[in-house]
Amino acid sequence: MIKVNENYGKLKASYLFSEIARRVSDFQNNNPEANIIKLGIGDVTCPLPDACISAFHEGVDHMGKEDSFRGYGPEQGYGFLREAIAENDFQSRGADISADEIFISDGSKCDSGNIQEIFGADIKVAVSDPVYPVYVDTNVMAGRTGENIDGRYEGLFYLECTKENSFVPAPPSEKVDLIYLCFPNNPTGTTASREELTAWVEYAKENDALILFDAAYVAFITDPQIPHSIFEIPGAREVAIEFRSFSKTAGFTGTRCAYTVIPKDCRGFDEKGDKTLIHPLWNRRHCTKFNGVSYPVQRAAEAIYSPAGKKEVKGLVDFYLENAAIIKKEMETLGYTCTGGINSPYIWIEGGEDSWEFFDLLLNKANVVCTPGSGFGKCGEGYIRISAFNSRENVLEAMKRIKSALK
Ligand code: MLT
């Protein structure tokens, strides 16, 4: 008898963004004339930077000539990209990360979802609430939780993010083993200060825990005081893994390229309590289950670090941040309390009692898609998230419609 993984039965029927897509598609089918504007899932709309496109083309040309053709690349990624990342994203900010501590992949969603495989089945996992659903669902699939009771999985430790703690959780008084942190945060758009991240690193050291730091939105940080990487915090090399993505930074959501940083001295523990290094475990997993990102895509990603690429990426990020400022200002003018939208492309809006009701209202009355806060967790109830990823024209039109729908 072929038995299935019954942990899947504990999951909600569909993944948050699939559920939203289904509702939007039903609405469109029933209202074919509606011109729907999507400010829901954080999917970029601007084309790739010219510098990336040229490098992409060049990479494809290399694949068409015998002397520059490449077959399987290194699973961990080509040296040219790993070197560029180490130098530009870490060493330039005083974070001691070398190229061989970087694993290139096809997405942070996959990496932050897959990483839990290398940890024990009986560890205590802490996630923030609200939270990017991938962290939770992948641990449910792996059997680290019980049932979902009243919106929360038994066995998970929830770090509540509310307006009372400005949506930044402090380390708990009890012991947890694996901690998912995401800054700039998805969905609340908040950032963590150096002091706040230092407290987490200290906690991880004292409790033999490990931090999974998702920095997919780092390119949107404008405040010079805010750390970009957990590895800017002393001592983090031993207790943290970081995820980065080119998706939101440079428009790679459809092109697919990201990376994970695991310092060589990052440690876990075996059954006997002896230190075990994490880098070789992930390397083993990566080499077994992943065959590398395509060569032209890695060339396109490398171009982000050229002078022209850097300038264009800044232009893209500034453009989306201007959208965010428009959305935030309009919603505040309408009387809503908003968080995020300054160092983040997401605006987290306190919107009333029921998130899905607010979602439906905006869809039905304004034909605008947002993301209901409750989809990210119990503490998200009463909030919605609006994304700044769209054209200026659509953002202005969406805000005009929202204004008239909410008046
Ligand atoms: C989001 O909208 O939260 C993200 O785009 C989802 C993702 O990156 O997987």
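Up top you'll find the structure we're talking about.
Residues numbered from 1 in each chain as written. Predicted model: local features only at pLDDT ≥ 70, side-chain atom pairs only at ≥ 80, totals over all residues. Heavy atoms only, no water.

**Quick look at the pattern of salt bridges**
Pairs can form between side chains of opposite charge whenever their charged atoms are close.
Reasoning step 1: Enumeration over the complete set of coordinates arrives at 25 salt bridges.
Reasoning step 2: Note that aspartate 26 and arginine 22 form a salt bridge whose closest N and O atoms lie 3.1 Å from each other. In this pair, aspartate 26 and arginine 22 are both assigned in helix α1 (residues 16-30), four residues apart and thus about one turn of the helix distant.
Reasoning step 3: Residue aspartate 26 is classed as partly exposed on the basis of its relative accessible area of 36%.
Reasoning step 4: Bridged by salt links that share partners, the residues Glu19, Arg22, Arg23, Asp26 and Asp360 form one connected network. (Salt bridge = Lys/Arg side-chain N within 4 Å of Asp/Glu carboxyl O. Helix = DSSP H or I, 4+ residues; strand = E, 2+ residues; numbered from the N terminus. Buried < 20%, exposed > 50% of the residue type's maximum accessible area, 1.4 Å probe, protein only.)

**So, the sheet that holds strand β13 (residues 337-340)**
Reasoning step 1: Read from one edge of the open sheet, four strands run β13-β14-β17-β16, paired in antiparallel fashion. Since the sheet does not close on itself, it has two edges, and those belong to β13 and β16 (371-372), each with one partner.
Reasoning step 2: Bridging between strand β14 (residues 346-350) and strand β17 (residues 383-387) involves five bridges; their strand directions are antiparallel. Residue pairing in the sheet places tyrosine 346 in a bridge with serine 387 of β17.
Reasoning step 3: Contacting β16 and β17, helix α12 (residues 355-366) crosses the sheet at an angle of about 45° to β17. (Pairing = 2+ DSSP bridges. Contact = heavy atoms within 4.5 Å. Axes fitted to C-alpha atoms, helices over the stretch in contact; angles between N-to-C directions.)

**Digging into the site of the ligand**
Reasoning step 1: Neighbouring residues of the ligand: Phe17, Ile41, Gly42, Lys109, Tyr132, Asn186, Tyr217, Lys248, Tyr346 and Arg385.
Reasoning step 2: A distance of 2.8 Å separates an oxygen atom of the ligand from a polar atom in the side chain of lysine 248.
Reasoning step 3: One of the side-chain N or O atoms of tyrosine 346 is found 3.4 Å from an oxygen atom in the ligand.
Reasoning step 4: A total of 270 Å² of accessible area belongs to the ligand in isolation, and the protein chains cover 87% of it.
Reasoning step 5: Residues belonging to the shell around the ligand are distributed by class as follows: five nonpolar, two polar and three charged.
Reasoning step 6: Counting contributing residues, the shell around the ligand receives three or more from each of domain 1 (6-47 + 308-406) and domain 2 (53-306). (Near = heavy atom within 4 Å. Polar contact = N/O pair within 3.5 Å; in protein donor to acceptor, adjacent residues only side chain to side chain. Areas by Shrake-Rupley, 256 points an atom, 1.4 Å probe, with all protein chains shown as cover. Nonpolar A, V, L, I, M, F, W, Y, C, P; charged D, E, K, R; others polar. Domains from an automatic or database assignment.)

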